[in-house]
Amino acid sequence: MISCPVFLSVCNGSATVGLVKLQRKYLGMGSDAMTFVAVDQNRERLAELTRLLLEAFPGSVIYQHTNPLKAPKDVRGNRVDAVFAQLDPEDPAGAALPHMLHLEKADLPVFLLTDAEAGGRPSPAADCLARPLSAELLRERLSGVLQPDMSGLQQACV
């Protein structure tokens, strides 16, 4: 049995973009591999989010950031399927992130993570997910917003 490779790309500059291209080219990931941006100033929560995304979407490429201002660069320079961000509403950079991402790519799914059920949407460019998160919840919410159909994702890891 061959297991699906797990890739974790921490964005430190242009070298990451080259790494992602190599992963897709040499490991046959093609355009079917999911690519996410994960943002959280808390490194432990960021690691947990990354783990859940990899569990939900094996073989995904995940750009991680503790600084919200770095996320738009990934969206601008790469094919990104969705962004997940736990933001401090008191931090001006965090509060502006959904709008900045919307300017980069208007149809990009952006999920703001909260520690409790949030009433309404804090931004017209974002949706909310309440913690605790699970791989099932991530798959369910993404399947409702991503096109095309994601049913072939599991076949990529044979």
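Residues numbered from 1 in each chain as written. Predicted model: local features only at pLDDT ≥ 70, side-chain atom pairs only at ≥ 80, totals over all residues. Heavy atoms only, no water.

A few words now on the packing of aromatic side chains. The full count for this structure, using the stated rule, is three aromatic pairs. Pairing Phe 36 with Phe 57 gives two aromatic rings, centres 5.3 Å apart and planes at 50 degrees, and the pair type is tilted. Taken as a pair, Phe 36 in strand S2 (residues 35–40) and Phe 57 in the loop between helix H2 (43–56) and strand S3 (61–65) lie far apart in primary sequence, 21 residues in all. For Phe 36, a relative accessible area of 0% corresponds to the buried category. Note on Phe 57: relative accessible area 3%, which makes it buried. By the ring-pair criterion, three or more aromatic residues cluster together here, those being Phe 36, Phe 57, Phe 84 and Phe 111. (Phe/Tyr/Trp six-rings, centres within 6.5 Å; stacked < 30°, edge-to-face > 60°. Helix = DSSP H or I, 4+ residues; strand = E, 2+ residues; numbered from the N terminus. Buried < 20%, exposed > 50% of the residue type's maximum accessible area, 1.4 Å probe, protein only.)

Let us now look at the environment of His 102. Mapped onto the fold, His 102 is located in helix H4 (residues 92–104). Exposure remark for His 102: the relative accessible area of 36% places this residue in the partly exposed category.

Right, let's get into the environment of Ala 47. In this structure, Ala 47 sits in helix H2. Judged by relative accessible area, which is 43%, Ala 47 ranks as partly exposed. In the structure, Ala 47 is positioned 17 residues away from Gln 64 in sequence and 8.7 Å away in space, judged by C-alpha atoms.

In this model, the protein carries an average pLDDT of 74, and 65% of its residues clear a pLDDT of 70 or more. Across the protein, the element-wise mean pLDDT spans from 38 in strand S1 (residues 9–10) up to 96 in H2. Below pLDDT 50 for its whole length, residues 148–158 participates in 13 contacts with residues either more than four positions away or in separate chains. (pLDDT = per-residue confidence, 0-100. Contact = heavy atoms within 4.5 Å.)

What follows covers the side chain of Asp 40. When you line up the elements, Asp 40 lands in strand S2. Residue Asp 40 is classed as buried on the basis of its relative accessible area of 0%. Within the structure, Asp 40 has its side chain in polar contact with the side chain of Arg 45 (distance 2.9 Å). At 3.4 Å, the side chain of Asp 40 and the side chain of Arg 131 are in polar contact. Apart from the residues within four sequence positions on either side, Asp 40 is in contact with Arg 45, Leu 46, His 65, Thr 66, Gln 86 and Arg 131. (Polar contact = N/O pair within 3.5 Å; in protein donor to acceptor, adjacent residues only side chain to side chain.)

This part covers H4. Relative to the 18 Å expected for 13 residues at 1.5 Å per residue, H4 spans 18 Å between its end C-alpha atoms, a close match to the ideal helical length. Maximal helix bending in H4 amounts to about 35 degrees, located at Pro 98. Every buried residue of H4 is listed here: Ala 93, Gly 94, Leu 97, Pro 98 and Leu 101. Buried residues in H4 make contact with S2, helix H3 (71–77), strand S4 (82–86) and strand S5 (110–114). (Expected span 1.5 Å × (residues − 1). Bend = angle between axes of the 7 residues up to and from the residue.)

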